[in-house]
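The chain contents come next:
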Amino acid sequence: MIEMQNLSFGYGASEPLLADMSLSLQPGSFHFLTGPSGSGKTTFLRLCYADLLPRSGRMIAFGQDVSQLSRDGIAALRRKVGVVHQDPQFLDHMPVADNIALPQIVAGGPVDTDVIRDLLDWVQLRQHGGALPPSLSGGERQRAALARAVIMTPELVIADEPTGNLDWEMSMRLLDLLIEFNQADKAVLFATHDLNLIRAAKQRVQARVLRIAGKRLQLAGADL
Amino acid sequence: MKHGELKSLDLAALWQGLRRPDPMGTDRVVPPTGITAQLTVFAAAAMAFLAVFALALALATGRLAERWSNELAQTVTVRISAPTEQMDQQTATVMEVLRTTPGIADAKQLPDSEVEKLLEPWFGPDVPVEVLPIPRLIEVSEAGEGFDAEALRLRLQGEAPGAVLDDHTRWREPLVRAAGRLRVLGLVSLLLIAATSGAMITLAAKAALAANGQVIRVLRLIGARDITIATAFVRRFTRRAAAGAAIGTVLGMIAIWALPSVDEAGGFLTGLGFQGWGWLWPVLIPLAAGLIGFVATRSAALRMLREVR
Ligand SMILES: Nc1ncnc2c1ncn2[C@@H]1O[C@H](COP(=O)(O)OP(=O)(O)OP(=O)(O)O)[C@@H](O)[C@H]1O
Ligand SMILES: [Mg+2]
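The model shown is predicted, which means the values in this text are computed figures rather than measured ones. (Residues numbered from 1 in each chain as written. Chains lettered and ligands numbered in written order. Predicted model: local features only at pLDDT ≥ 70, side-chain atom pairs only at ≥ 80, totals over all residues. Heavy atoms only, no water.)

### Points about the coordination of the magnesium ion (ligand 2)
- Bound to the magnesium ion (ligand 2) are the protein donor atoms Thr42 of chain A (OG1) and Gln86 of chain A (OE1), situated 1.9 to 2.3 Å from the metal. Of this pair, Thr42 of chain A sits in helix 1 (residues 41–48) while Gln86 of chain A sits in the loop between strand 6 (81–84) and helix 3 (96–107), placing them 44 residues apart in sequence. (Donors = N, O, S within 2.8 Å, 3.2 Å for Na, K, Ca; no water. Helix = DSSP H or I, 4+ residues; strand = E, 2+ residues; numbered from the N terminus.)

### A short note on the domain arrangement of chain A
Residues and elements named next belong to chain A.
- The domains assigned to chain A are domain 1 (1–80 + 155–224) and domain 2 (89–153).
- Once you take the C-alpha centre of each, domain 1 and domain 2 turn out to be 23 Å apart.
- Contact with domain 1, which involves 16 residues of that partner, is made by 14 residues of domain 2.
- Buried area between domain 1 and domain 2, both sides added, is near 1200 Å², and the carbon and sulfur share of it is 65%. (Domains from an automatic or database assignment. Contact = heavy atoms within 4.5 Å. Buried area = accessible area lost by both parts, 1.4 Å probe.)

### Some details on the sheet that holds strand 2 (residues 104–109) of chain B
Residues and elements named next belong to chain B.
- Read from one edge of the open sheet, 4 strands run 2-3-1-4, paired in antiparallel fashion. The strands lining the two open edges of the sheet, one partner per strand, are strand 2 and strand 4 (163–166). Within this sheet the neighbouring strands show an average axis-to-axis angle of 20°, counted without direction.
- Note that strand 1 (residues 76–80) and strand 4 share 4 bridges and pair antiparallel. (Pairing = 2+ DSSP bridges. Axes fitted to C-alpha atoms, helices over the stretch in contact; angles between N-to-C directions.)

### Some words on the site of ligand 1
Residue and element names in this part refer to chain A.
- By nearness alone, 13 residues border ligand 1, and Ser37, Lys41, Thr42, Thr43 and Gln86 come closest of all.
- Separating an oxygen atom of ligand 1 from a backbone N or O atom of Gly40 is a distance of 3.0 Å.
- At 3.0 Å from an oxygen atom of ligand 1 is found a side-chain nitrogen or oxygen belonging to Glu161.
- Here ligand 1 loses 57% of its free accessible area of 630 Å² to cover by the protein chains.
- Of the residues belonging to the shell around ligand 1, the class tally is 3 nonpolar, 8 polar and 2 charged. (Near = heavy atom within 4 Å. Polar contact = N/O pair within 3.5 Å; in protein donor to acceptor, adjacent residues only side chain to side chain. Areas by Shrake-Rupley, 256 points an atom, 1.4 Å probe, with all protein chains shown as cover. Nonpolar A, V, L, I, M, F, W, Y, C, P; charged D, E, K, R; others polar.)

### Observations concerning the UniProt feature "transmembrane region" (unreviewed entry) in chain B
- Residues annotated by UniProt as "transmembrane region" (unreviewed entry) correspond here to residues 39–60, 184–209, 241–259 and 279–301 of chain B.
- Secondary structure across residues 279–301 of chain B divides into 78% helix and 0% strand, with the first and last C-alpha atoms of the span separated by 35 Å. (UniProt positions renumbered as here; feature names shortened; annotations may be inferred.)

### Brief notes about the interface of chain B and chain A
- Listed per partner, the contact involves 27 residues of chain B and 32 residues of chain A.
- Each partner contributes to the roughly 2500 Å² buried at the junction of chain B and chain A, and carbon and sulfur atoms together form 57% of this total.
- Notably, a salt bridge pairs Arg71 of chain A with Asp226 of chain B, separated by 2.5 Å at the nearest N-O pair.
- Summed over the shared surface of chain B and chain A, the number is 13 residue pairs in polar contact (both at pLDDT 80 or more).
- Among the secondary structure elements, those contributing two or more residues to the side of chain B that touches chain A are helix 1 (3–7), helix 8 (213–221) and helix 9 (226–257) of chain B.
- Here the side of chain B that touches chain A gets 6 residues from one element, more than from any other, and that element is helix 8 of chain B.
- For the side of chain B that touches chain A, the class distribution of residues is 15 nonpolar, 5 polar and 7 charged. (Salt bridge = Lys/Arg side-chain N within 4 Å of Asp/Glu carboxyl O.)

### Focus on the pattern of salt bridges
- The full count for this structure, using the stated rule, is 18 salt bridges over all chains.
- Between Glu155 of chain A and Lys186 of chain A there is a salt bridge; the shortest N-O distance is 3.4 Å. One end of the pair, Glu155 of chain A, is in the loop between helix 5 (138–150) and strand 7 (156–160); the other, Lys186 of chain A, is in the loop between helix 6 (168–182) and strand 8 (187–191), and 31 residues separate them in sequence.
- Its relative accessible area of 30% is what places Glu155 of chain A among the partly exposed residues.
- Owing to a relative accessible area of 16%, Lys186 of chain A belongs among the buried residues under this scheme.
- Note that Asp226 of chain B and Arg220 of chain B form a salt bridge whose closest N and O atoms lie 3.2 Å from each other. Here Asp226 of chain B matches Arg220 of chain B in class, with each residue buried. (Buried < 20%, exposed > 50% of the residue type's maximum accessible area, 1.4 Å probe, protein only.)

### Details of the packing of helix 6 of chain A against helix 7 (residues 195–202) of chain A
All names here are of chain A.
- Here helix 6 crosses helix 7 at 45°, and the two axes come no closer than 11 Å. It follows that helix 6 is oblique to helix 7 by the angle criterion. For the crossing formed where helix 6 meets helix 7, the hand is right-handed. Between helix 6, through Trp168, Ser171, Met172 and Leu175, and helix 7, the contact on the second element is made entirely by Asn196, Leu197, Ala200 and Ala201.
- Each residue belonging to the contact of helix 6 with helix 7 can be placed in one class, and the counts come to 6 nonpolar, 2 polar and no charged. (Parallel < 35°, antiparallel > 145°, perpendicular 65-115°, else oblique. Left-handed = near helix turned anticlockwise from the far one by under 90°.)

### Here's the deal with the side chain of Thr238 of chain B
Residue and element names in this part refer to chain B.
- By the element assignment, Thr238 lies in helix 9.
- A polar contact of 2.7 Å, which involves the side chain of Thr238, links it to the backbone oxygen of Val234.
- In this structure Thr238 touches Leu18, Gly290, Gly293 and Phe294, once residues within four positions along its chain are discounted.

### Regarding the confidence of the model for chain B
All names here are of chain B.
- Per-chain confidence: chain B averages 80 in pLDDT, with 85% of residues scoring 70 or above.
- Mean pLDDT values over the elements of chain B span from 56, in helix 1, up to 91, in helix 8.
- Two numbers describe this predicted complex: its pTM, 0.75, and its ipTM, 0.91. (pLDDT = per-residue confidence, 0-100.)

### Some details on a nonpolar patch on the surface
- Together, Trp277, Leu280, Trp281, Val283, Leu284 and Leu287 of chain B line one region of the surface with nonpolar side chains, adding up to about 710 Å² of accessible area.
- Structurally, Leu280 of chain B is set in the loop between helix 9 and helix 10 (284–306). (Patch = residues over 30% accessible without salt bridge, like charges linked within 9 Å, V, L, I, M, F, W, Y side chains within 5 Å.)

### Regarding the packing of aromatic side chains
Residue and element names in this part refer to chain A.
- Scanning the entire structure with this criterion turns up 4 aromatic pairs over all chains.
- Measuring from ring centre to ring centre gives 5.3 Å for Phe30 and Phe32, while their planes differ by 50°; the resulting arrangement is tilted.
- Residue classification places Phe32 among the buried positions, given a relative accessible area of 0%.
- Between the aromatic rings of Phe32 and Phe190, the centroid separation amounts to 5.2 Å while the plane-to-plane angle is 50°, which identifies the pairing as tilted. Of this pair, Phe32 sits in strand 3 (residues 30–34) while Phe190 is found in strand 8, placing the two residues 158 residues apart along the sequence. Of the two residues, Phe32 and Phe190, both sit in the buried class. (Phe/Tyr/Trp six-rings, centres within 6.5 Å; stacked < 30°, edge-to-face > 60°.)

Structure, rendered in C-alpha cells:
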C-alpha cells in the first residue's frame, strides 16, 4: 500500500533529515512511529501523503511513485489517505459538521448527513456540530480532524500526535477509535512519543513500533 | 512542481464550472469577505455606470458628426435672383465661375420644379408659385479642402450681381471636428474604464486569494483538485463583478433613458442616448466585467495554487 525504497529526505539544501529508509505498510496493519522531538516524525508522515517529495529513493503509494504523480493524482492519493495533522486546520467560516464533510464536498459526492451525525457521535462532538472550529478546544479539534480523516473511508489513516492535547482518558478513547477503524482492515500509522499509550495499545492490537533514530528508521523491539 | 500542468487548468473546464449549478455548495469553501465583496460589487457597478455614459457619448457624438457632415456636404448653394430676361445669362456666368473655382467638385442647377417644392411650404399650396419670379438654386459640392468662400463671393459680385453665395452652414465644420474628437474621447474613456476595472478586480481577487492561502492549503490537504478550488473562487468573483456591473449598467441606462428628449426637428442636437438596436450595446458591459473577473481570478488562483503542492 505504502512502500518506501531507500528513501532520503532533507529540507532545502541542508543535511538529510531522514536517510535510506525502507518500509512496507500492509493493509490492515497498525504502526506506531516514535522518535525524539525534532527527529522527523512529521516530516516522515508528510512524505506519505505527498506533501513532501523524497530527495532520493522512491515512495510508492498504492502502486504509484508519488514523484511521478500529477497534481490531480496527488489529490486522488490524499482522498485515499486520511490525515490527522499535529495541528489540524479547518475552514474557520464553516461549522464543524461541514468541515468534517469537506472531503466529500470537494470530491463532488453527495454528503450523507446520517454519516456525519454518526461520525460526530463517534468522536463525541455531537453538540459541537454547529459550532465554528475556532471555538473548539485542542482535543476537540483533533477529534474533529479524525472524523474528517475517516469520512472518505480511506485505506490508511495517518495520525500525527493526535493525543498531544488530550488527557489520558481521552487519549485512550481516541486510541479506541483508531483501533476500531483498524479492525475494518484499514491501516493506521500513528506518530506519538507517549510510550504508555503504545504499551496500552499493544495489549489490544497487533501493533508494530517504528522509531526514527539517527536519521534511520528502526523496528523497535520488545523493550517498550 | 509541474507548472505546465497548472497552466492546463483549462478555460473550458472553468467555464463549465461557472455555468453549472452548485448543489454541493462547493462555493461555501470560499469564506465570505464582507467589506471586500461589497466594495468589489460597488466598484464594478460604478465603473459600469460610467461605461454606459462613455458608450452613449461615443455613439451620440458619432451620430452627430455623421449627420452634420452630411448636411455640410449638401448645404453650400448659390442663389440667383435676377430679372427674367437676365436669368439664363447670369446662370451661365455663375456656372462658368464655379467650374473654374478651385476646390469645387461639382455644381448642379436644381430644376425649377424642385425649387418650387422647396418654396411651397413658405407660401402655401394656394399661391401659384410658378408665376412668381422664383430664384435659381445651384447646389455646390466641395472637393477636398474646400474653396475660398470670400474670393468666390467677390468674383460672383463682379460677374453676376444677382448671385448670392449661401454657405451659412459652413460654420459647423469645426463642430463636426469637435464631435469627431468627442467620440474618440468617449471610446478612450471606455477603454480606460475597462482597464481600470480590470486592474481593480485583479487587485481584489489577488487580495482575496492571498488572504485565503490557508483555505487553499486545507483544501489541497484533504484532496481537493485544483480545478475544484479555482472554480469556487472564479465563480465567486466572476459573479460578483458581473452582478455589480449589471446593476451599474441598468442604473446608467435608466439615467440615459430619463434624459429630457430633444425635439429632432428643433435643433442640431441629436441628444445623448441610445437608439434602436443601440440599446443592446450596454449589455456587453456586464459580460465584459464578468470576463475580466474570470481572467483575473483565474490567474490569481493559479498563482496561489502554484505555492502549495
Ligand atoms: N518546513 C521546514 N523547513 C525546514 N526545516 C524544517 C521544516 N519543517 C521541519 N523542519 C525541521 O526538520 C526537523 C524535523 O521536524 P519534524 O516536524 O519532522 O519533527 P517531529 O519529529 O515531528 O518533532 P515533534 O515531535 O516535535 O513534532 C526539525 O529540526 C525541524 O526544525
Ligand atoms: Mg511532529
